[in-house]
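Summary of the model geometry
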Amino acid sequence: MNRFKLEKKLSYIVLTFIGFLFILPLLWVILASIDANAKQALTIPSEFTLDNFTAILSDPATIRSFIIGLFISLGQSILVVAVGGLAAYPLSRYALKYKKPFMLTILFMTSLPITAVMVPVYQLFMFLNLQDSLVATTLFLTASGLPYGIWMLKNFMDAVPLELEESAWVDGASIWTCLRKVVAPLMIPGICTVGIFTFSMSWGNFFVPYILIQSPDKFPASVTIYQFFGTYGMVEYGKLAAFSLVYTMPAVILYLFSQKFMSQGFSFGGATKG
Amino acid sequence: MNTASRAITLRSIFFLLPSWILLLIFFIGPILLTFYFSFTDLALTGAQAQQMAFVGFDNFIEMFQDPNFRISVTKTILFLFISAIIGQQVLGFLLAYLMKEKNTTFRRIIGIVVIAGWVTPEIVVAFCWVAFLNDSGTLNAILQSFGLETITWLYTFPLISVCVANIWHGTAFSMLVFQASLDDVPKTIEEAAMIDGASKLQILIRIILPTVKGSIVTNMILVTLQTLGVFTLIYAMTGGGPGTSTQTLPIFMYNQAFVNYQLGYGTAISLVLLLIGVIASLFYIRSMKVQI
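Just so we're clear, the structure is a prediction, and the values are computed from it rather than from any experiment.

1. Regarding the overall build of chain B
- On a plain count of helices and strands, chain B comes out with 15 helices and 0 strands.
- By its C-alpha atoms, chain B is 75 × 75 × 30 Å across when sized along the principal axes.
- Counting over 292 residues, chain B shows a buried share of 41%.
- Once local pairs closer than 6 in sequence are excluded, the contacts in chain B between residues at least 24 apart make up 71%.

Have a look at this one:
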């Protein structure tokens, strides 16, 4: 049995080593952000300070870029859930003629790299005079997130038992009321999963707003942080690190939040038994 | 058609209409435009900006004669192969495999550390790695403390540098996929093999790998598709340089379309990217064996 003990020890050592390699680059951001004289290399802060954060958060331009980022990402997630949820209903409930090819097209579109269509999208925006429009950018992002949204929401909706709806119909509820009052509340874990995923992807998206938005006062956080890096990146490490952390926070918090939802599971079982 | 089924059809059309309109304008439209524009001489400035002309296969002829295009294809293949197919997949599998049956707290800590790199937005990943690999960055500080010479990583090994950053960012996805599929390997078979005296390696090759083959294929296609479109990470870390050493197809496309203002040519490059994506996506759908 000695051999197995050694193997076990070895795998603990390998895992610890990989974990250590993974944390190193990240540790720098955290320590540099609270260091008054942050350098490029990882060091224990010589002087603890929160100045980097106050400097970033007191800049109205930064705050504006965060608000714009929120507008785009929240707008996109709400639209994906609403429009995708509507589309998911007939796909989940009715035996439609073209359902199979439609769902296969949707699945196909979920995996296409958006990068490949950005040049023609830019031309389309020029042609329709939409360049520099935050609303149009949000709508484009919505369309790019819809295939995933429809696919996931349809699968979540399939798990909501039809019996609940039928009993609501008997009580005289319309399809519309049913969707809002019966189906949607039972799909909250699914809606949150799709919403959170869409928001995180959108919040971290740099390429799309970088191409479609031209005026600096309309840039979301992902673009302003890149500009900050270009202008001060090689001088003010502390501030760059603080900016990066503040910008990363929403993605981290939402990830943790989504984990809570996932672990709670999708237990509608009890609703039909009663 | 009776009234009930007509009502259902009408209602379905009404429910599907908003997503159809959005997908047609902003998703399917641009894909069709890619085909159209790649046969024109459309430019951002100059005479072609006002009056674009149909130029047939000129863009594609130019592309196949352009040494830069060939370089970009090579760089893209190398980037895909090193960072996605080998790097993320093997490291992700190794992590998932080694974490099996380990102490829960230990598993959780390693999991969080790896997932942290995945949750971090791409642009911040780029900053982390630029700082880490810089002349006076953490890696060189470590080398110095061992008495070794410092290396200007981003100039000497630019492609390897962006690959490592992409592995750091993407491995968690493969790890999660493989953790889920390793849970499906029946424990009884593994135990029976162990009693018969099979070594860990034999169990891995003969029992575990064949069982998770399906998820390896699906994961490989998904990771390829994700890596194919990577722009932000490379653009922020090296800008495609030094020279053309990290100029993958998305960077090349961006440079042609928005730096050299040759939109028609840029679109022709994106068509190549799109076609690779289409082929990989078709394989993805086949590998999923979906029931609809």
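2. Some words on the UniProt feature "transmembrane region" (unreviewed entry) in chain B
Residue and element names in this part refer to chain B.
- UniProt marks residues 12–37, 77–97, 109–132, 152–178, 216–237 and 263–285 with the feature "transmembrane region" (unreviewed entry), using the numbering shown here.
- Within the segment residues 12–37, helix and strand shares are 100% and 0% respectively, and the terminal C-alpha atoms sit 34 Å apart.
- Helix makes up 86% of residues 216–237 and strand 0%, and the two end C-alpha atoms of the span are 30 Å apart.

3. A look at the confidence of the model for chain A
Residue and element names in this part refer to chain A.
- Looking at chain A as a whole, its pLDDT mean stands at 84, while 93% of the residues score no less than 70.
- The weakest mean pLDDT in chain A belongs to helix α13 (residues 269–273) at 34; the strongest belongs to helix α10 (residues 207–212) at 93.
- Confidence drops under pLDDT 50 across residues 263–274; counting only partners more than four residues distant or on other chains, this segment forms 11 contacts.

4. Some details on unusual backbone geometry
Residues and elements named next belong to chain A.
- We note that Asn129 has phi near 60 degrees; this positive angle belongs to a residue other than glycine.
- Tracing the backbone shows Asn129 in the loop between α5 (118–127) and α6 (134–158).
- The phi dihedral of Asp132 is positive, around 75 degrees, even though this residue is not glycine.
- You can see Asp132 is positioned in the loop between α5 and α6.

5. With respect to the interface of chain B and chain A
- With 67 residues of chain B at the interface, the matching set in chain A holds 68 residues.
- Take the side of chain B that touches chain A: its biggest share by element is 17 residues, from helix α1 (residues 3–37) of chain B.
- Partitioning the side of chain B that touches chain A into residue classes produces 47 nonpolar, 17 polar and 3 charged.

6. Concerning the UniProt feature "transmembrane region" (unreviewed entry) in chain A
Residue and element names in this part refer to chain A.
- As annotated in UniProt, the feature "transmembrane region" (unreviewed entry) corresponds to residues 12–34, 66–89, 101–122, 134–153, 186–213 and 237–257 in the numbering used here.
- Within the segment residues 66–89, helix and strand shares are 100% and 0% respectively, and the terminal C-alpha atoms sit 34 Å apart.
- Along residues 101–122 the backbone is 73% helical and 0% strand, and the end-to-end C-alpha distance reaches 29 Å.

7. A short note on the domain arrangement of chain A
Residues and elements named next belong to chain A.
- Along its sequence, chain A is organised into domain 1 (1–49) and domain 2 (53–265).
- Centre-to-centre, using C-alpha coordinates, domain 1 lies 33 Å away from domain 2.
- Tallying the contact residues gives 8 residues for domain 1 and 6 residues for domain 2.

8. Things to note about the UniProt feature "domain: ABC transmembrane type-1" (unreviewed entry) in chain B
- According to UniProt, the positions carrying the feature "domain: ABC transmembrane type-1" (unreviewed entry) are residues 74–284 of chain B.
- Helix makes up 79% of residues 74–284 of chain B and strand makes up 0%, while its end C-alpha atoms are separated by 23 Å.

9. Concerning helix α5 (residues 104–119) of chain B
- Along its 16 residues, α5 of chain B runs 21 Å from first to last C-alpha, staying within 8% of the 22 Å computed at 1.5 Å per residue.
- Residues of α5 of chain B that are buried: Ile110, Val114 and Gly117 of chain B.

10. A short note on the packing of helix α4 (residues 67–99) of chain B against helix α12 (residues 213–228) of chain B
All names here are of chain B.
- Between α4 and α12, the shortest axis-to-axis distance is 10 Å and the interhelical angle comes to 140 degrees. The orientation of α4 relative to α12 falls into the category oblique. Pair α4 / α12 crosses with right-handed handedness. Of the residues in α12, those touching α4 at Phe79, Leu80, Ser83, Ala84, Ile85, Gln88 and Gln89 are Asn219, Met220, Val223, Thr224, Thr227 and Leu228.

11. Thoughts on the packing of α5 of chain A against helix α15 (residues 263–288) of chain B
- Between α5 of chain A and α15 of chain B, the least distance of the axes is 8 Å, while the angle of their chain directions is 140 degrees. Considering the angle they form, α5 of chain A stands oblique to α15 of chain B. Mapping the contact onto sequence places Val119, Pro120 and Gln123 of chain A in α5 of chain A and Leu263, Gly266, Thr267 and Ser270 of chain B in α15 of chain B.

12. Some thoughts on the nonpolar core
- Within the largest apolar cluster, 140 residues are counted, with the highest numbers of intra-cluster contacts made by Ala126, Cys128, Trp129, Ala165, Leu233, Met237 and Ile269 of chain B.
- Excluding residues within four positions of it along the chain, Met237 of chain B makes contact with Ala126, Trp129, Val130, Ser161, Val162 and Ala165 of chain B.

13. Details of the confidence of the model for chain B
Residues and elements named next belong to chain B.
- Here chain B shows a mean pLDDT of 85. Residues at 70 or above account for 96%.
- Within chain B, no element has a lower average pLDDT than helix α2 (residues 47–50), which sits at 58, and none a higher one than helix α13 (residues 232–237), at 92.
- The ipTM for the predicted assembly is 0.86, set against a pTM of 0.87.

14. Re the domain arrangement of chain B
- Examined at the domain level, chain B breaks down into domain 1 (1–30) and domain 2 (61–288).
- With centres defined by C-alpha atoms, the gap from domain 1 of chain B to domain 2 of chain B works out at 38 Å.

Cut-offs applied
Residues numbered from 1 in each chain as written. Chains lettered and ligands numbered in written order. Predicted model: local features only at pLDDT ≥ 70, side-chain atom pairs only at ≥ 80, totals over all residues. Helix = DSSP H or I, 4+ residues; strand = E, 2+ residues; numbered from the N terminus. Buried ≥ 20, exposed ≤ 12 C-beta atoms within 10 Å, placed from the backbone. Contact = placed C-beta atoms within 7 Å. UniProt positions renumbered as here; feature names shortened; annotations may be inferred. pLDDT = per-residue confidence, 0-100. Nonpolar A, V, L, I, M, F, W, Y, C, P; charged D, E, K, R; others polar. Domains from an automatic or database assignment. Expected span 1.5 Å × (residues − 1). Axes fitted to C-alpha atoms, helices over the stretch in contact; angles between N-to-C directions. Parallel < 35°, antiparallel > 145°, perpendicular 65-115°, else oblique. Left-handed = near helix turned anticlockwise from the far one by under 90°. Core = buried A, V, L, I, M, F, W, Y, C linked by C-beta atoms within 7 Å.

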